[in-house]
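Commentary on secondary and tertiary structure
These are the residues of each chain, in order.
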Amino acid sequence: MKKVDHIGIAVRDLNAVLPYYTDTLGLPLMKIEEVESQKVRVAFIDAGNVKLELLEPMAEESAIFKFLEKKGEGIHHIAFGVVGIEERMEELREKGVQLLNDKPKPGAGGAMVAFLHPKSSNGVLYELCEKE
Ligand code: CMX
């Protein structure tokens, strides 16, 4: 793992929570985009050494929709920036970690991403993400 790239935070209404981050906390909004493969609309906030990724579900089949229904708003995942995502996935598989993806998928910001099952990561949903 290189470093933590971002922390994913599930929100019900992106437009409603943005002023808390930009005005109240005074953090810059980097961009807003839709990630079709995950059915989420995301905003990246620049928190200095790490980004915050605010995630709003775009459809009921989104993992974020289900998370909000069960747990409510809050921290959803932690993403590690990696180099050579397919090799990192294979290494983790060999060490007995359960991955949620067979192959990396396109994620936000043009990155390729894959998730580790929270059941094999002591209750934390981790993401691997590789930027080109
Ligand atoms: N963090 C920690 N634990 C989580 C979790 C999360 N974000 N989401 C679910 N869980 C836990 C649940 O609490 C549950 O535990 P218990 O059995 O002890 O109650 C278990 O995982 C199963 O949860 P579930 O609600 O039944 O949900 P599913 O099995 O349908 O899915 C998960 C859970 C993690 C496999 C699924 O959300 C997934 O595949 N996630 C990866 C993709 C994703 O999260 N995409 C959204 C982000 C997109 C982006 O960043 O662009």
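Right above here is the structure, for reference.
Scope of this entry: the structure provided in the associated data block. Computed from a predicted model, the values in this text were never measured in an experiment. (Residues numbered from 1 in each chain as written. Predicted model: local features only at pLDDT ≥ 70, side-chain atom pairs only at ≥ 80, totals over all residues. Heavy atoms only, no water.)

The number of helices and strands found in the protein chain is three helices and eight strands. Each helix (α) and strand (β) of the protein chain, taken in turn from the N terminus, gives the series β-α-β-β-β-α-β-α-β-β-β. What you see for the protein chain is a C-alpha radius of gyration of 15 Å, in line with the 14 Å of a compact globule of 132 residues. Taken along the three principal axes of its C-alpha coordinates, the protein chain extends 45 × 30 × 25 Å. (Helix = DSSP H or I, 4+ residues; strand = E, 2+ residues; numbered from the N terminus. Rg over C-alpha atoms; globule rule 2.2 N^0.38 Å.)

Next up on the list: the sheet that holds strand E7 (residues 112–116). What the eight strands build is an open sheet, ordered E2-E3-E4-E1-E5-E8-E7-E6; its pairing is mixed. At either end of the open sheet lies a strand with only one pairing partner, and these are strand E2 (29–35) and strand E6 (105–106). Bridge count for E2 against strand E3 (residues 40–46) is six bridges, and the pairing is antiparallel. Each residue of the ladder has a partner; that of Lys31, found in E3, is Phe44. (Pairing = 2+ DSSP bridges.)

The immediate surroundings of the ligand are formed by 18 residues, with Gln38, Lys66, Lys71, His76 and Lys119 found nearest. A distance of 2.8 Å separates a nitrogen atom of the ligand from a polar side-chain atom of Gln38. A distance of 2.7 Å separates an oxygen atom of the ligand from a polar atom in the side chain of Lys66. Taking 970 Å² as the accessible area of the ligand by itself, protein coverage stands at 71%. Elements with a contribution of two residues or more to the shell around the ligand: strand E4 (51–57), helix H2 (63–71) and strand E5 (74–81). In terms of residue count, H2 provides more of the shell around the ligand than any other element does, six residues in total. Class assignment for the residues of the shell around the ligand results in eight nonpolar, four polar and six charged. (Near = heavy atom within 4 Å. Polar contact = N/O pair within 3.5 Å; in protein donor to acceptor, adjacent residues only side chain to side chain. Areas by Shrake-Rupley, 256 points an atom, 1.4 Å probe, with all protein chains shown as cover. Nonpolar A, V, L, I, M, F, W, Y, C, P; charged D, E, K, R; others polar.)

Mapped onto the secondary structure, Glu56 falls in strand E4. A polar side-chain atom of Glu56 sits 2.8 Å from the main-chain amide nitrogen of Leu14. Look past the residues within four positions of Glu56 in its chain and what remains in contact with it is Val11, Arg12, Asp13, Leu14, Lys39, Val40 and Arg41. (Contact = heavy atoms within 4.5 Å.)

Attention shifts here to the pattern of salt bridges. Inspection of every chain in the model, using the stated rule, returns seven salt bridges. Across the pair Asp5 and Lys131 runs a salt bridge, and its minimum N-O distance is 3.2 Å. Of this pair, Asp5 sits in strand E1 (residues 3–10) while Lys131 is found in the segment after strand E8 (126–130), placing the two residues 126 residues apart along the sequence. A salt bridge links Glu56 to Arg41; the shortest N-O distance between them is 3.1 Å. With Glu56 in strand E4 and Arg41 in strand E3, this pair connects stretches of sequence that are 15 residues apart. Taken as a pair, Glu56 and Arg41 share a single burial class, namely buried. One salt-bridge network, held together by shared partners, links Asp5, Lys51 and Lys131. (Salt bridge = Lys/Arg side-chain N within 4 Å of Asp/Glu carboxyl O. Buried < 20%, exposed > 50% of the residue type's maximum accessible area, 1.4 Å probe, protein only.)

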